[in-house]
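Analysis of the macromolecular model
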Amino acid sequence: MSTPRPPLVYGHRGARGVLPENTMDSFRWLRAQGIRGVEIDVQLCADGVPVVIHDPLMPAQLARDAQGRWLQDAGPKIIDLTLAELQRYDVGRLNPDHPYGARYPDQRPADGALIPTLAGFLDWAQQDPSLTLNIEIKSFADRAELGAAPAHLADAVADVIAARALVNPLVISSFDWRVLSALHRIAPDIPRGYLTLEGTQEANIFAASPWMDGAARRLGDTDLPRIIADLGGKFWCPFHRDLTAARLSTAQALGLQVNVWTVNDPDDIARMIAMGVDGIITDYPQRAAAMVSGVA
Ligand code: MG
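Below you will find a few notes about this structure.

The rules behind the values
- Think of each chain on its own: its residues are numbered from 1, step by step along the sequence as written.
- Reporting in this predicted model follows two pLDDT cut-offs: at least 70 for local features of residues, and 80 or more for side-chain atom pairs to be given and counted; totals over whole chains, interfaces and linings ignore these cut-offs and use all residues.
- The side-chain quantities take in all heavy atoms of the structure and omit both hydrogens and water.
- The secondary structure listing takes helices from DSSP runs of H or I that are at least 4 residues long and strands from runs of E that are at least 2 residues long, numbered from the N terminus.
- Partly exposed residues are those whose accessible area sits between 20% and 50% of the maximum for their type, while under 20% is buried and over 50% is exposed, using a 1.4 Å probe and protein chains only.
- We define a polar contact as two N or O atoms separated by no more than 3.5 Å, with the added condition that, inside protein, one atom must be a possible hydrogen donor and the other a possible acceptor, whereas residues neighbouring each other in sequence contribute only through side-chain atom pairs.
- Only heavy atoms enter the contact rule, under which two residues are in contact if any of them lie within 4.5 Å.
- Throughout, nonpolar core names a set of buried Ala, Val, Leu, Ile, Met, Phe, Trp, Tyr and Cys residues whose side chains join them through atoms within 4.5 Å.
- When two rings of Phe, Tyr or Trp (its six-membered ring) have centres within 6.5 Å they constitute a pair, described as stacked for plane angles under 30 degrees, edge-to-face for angles over 60, and tilted for the intermediate range.
- A ring is scored as having a charge over it whenever the NZ atom of a lysine or the CZ atom of an arginine sits within 6 Å of its centre and within 35 degrees of its normal.

**As for the side chain of Arg-16**
Here Arg-16 is to be found in the loop between strand 1 (8–12) and helix 1 (24–32). Residue Arg-16 is classed as buried on the basis of its relative accessible area, which comes to 5%. Looking at Arg-16, its side chain comes within polar contact range of the side chain of Asp-283, at 3.0 Å. Every residue in contact with Arg-16, bar those within four places of it in the chain, is listed here: Glu-21, Tyr-100, Arg-103, Tyr-104, Gln-107, Thr-262 and Asp-283.

Right under this line is the structure:
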């Protein structure tokens, strides 16, 4: 058996452990560190413009309004704000009074950071064709009121990509497989990554799951990697604790690349490297890259 290639390290939301998530500051930092993979979250604002932000509501844990005040509660919805309205918020610092901030004690602020557009991100990323881009489309199969329709999301993202002569390796991923089905129809050549989470309240993989676009009916009969391979997926993106060596080898034998998320603890990173995953998505990309190069 040949030695597996070392996994590619993706900075999660840029590099959430180090700099404000989904900001150009974090993307530039990643590139300067020599990290070759970047994961971002995309949804649509009221203008139909794809923007780089994770939460469906303006997040109270990291957004300040035009007057510089922290939001008391999350909101308004991203889908209800125009791009101009969105970009009045400063997302360059964690709210020190919010519990979320305590999870990332080492995150440095970047005051004045605005929510990027996908177009702006791609214009930047194109300057370095060796950067691998993982664009996660946020869509909420159980709460349609939180975002655009899956086909609209896929269309808008595919349009922004098609408008550029992008040569960077690219994967579009989503927990909402309806988005990936739409993308398959619109732009079948863009590699798709099927995100999965199992066995928790937030899981998207379960019997009759609305997230799986009809594929949930196969769950009793066959393996998850087989379902994803049959859908034409190129990547399976499981939560790292859901992955076993047996499932990994099944997936890889089917031709899938396996990118795990969000792997921050050194023991977990070491376990994923030893298992032979293809990609590691982490808030601490420097840590993971150092560990990968230690075994490469
Ligand atoms: Mg993401």
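**Points about the environment of Leu-195**
Looking at the element boundaries, Leu-195 is found in strand 6 (residues 192–196). Overall, Leu-195 belongs to the buried group, its relative accessible area being 5%. For the pair Leu-195 and Ser-249, spaced 54 residues apart in sequence, the C-alpha to C-alpha distance is 18 Å. Not counting chain neighbours up to four residues away, the residues in contact with Leu-195 comprise Glu-136, Ser-173, Ser-174, Phe-175, Trp-177, Asn-204, Cys-237 and Trp-261.

**Notes on the nonpolar core**
In this structure, Phe-121 and Trp-177 are the most contacted members of the largest nonpolar core, which totals 65 residues. Per element, the largest residue contribution to this core is seven residues, and it comes from helix 5 (residues 150–162). Ranked by size, the runner-up nonpolar core spans 18 residues in total, among them Ile-53, Ala-60, Ala-63 and Tyr-89.

**What about the packing of aromatic side chains?**
For the coordinates displayed, the defined rule picks out seven aromatic pairs. For the pair Phe-27 and Phe-121, a centre-to-centre distance of 5.0 Å together with 70° between the ring planes defines the contact as edge-to-face. One end of the pair, Phe-27, is in helix 1; the other, Phe-121, is in helix 4 (residues 118–125), with 94 residues separating them in the sequence. Seen from their ring centres, Trp-177 and Tyr-194 are 5.1 Å apart, and the 85° between their planes marks the pair as edge-to-face. One end of the pair, Trp-177, is in helix 6 (residues 177–186); the other, Tyr-194, is in strand 6, and 17 residues separate them in sequence. The buried category is assigned to Tyr-194, whose relative accessible area is 2%. Above the plane of the ring of Trp-70 lies Arg-64, whose end atom (NZ or CZ) is 5.0 Å from the centre.

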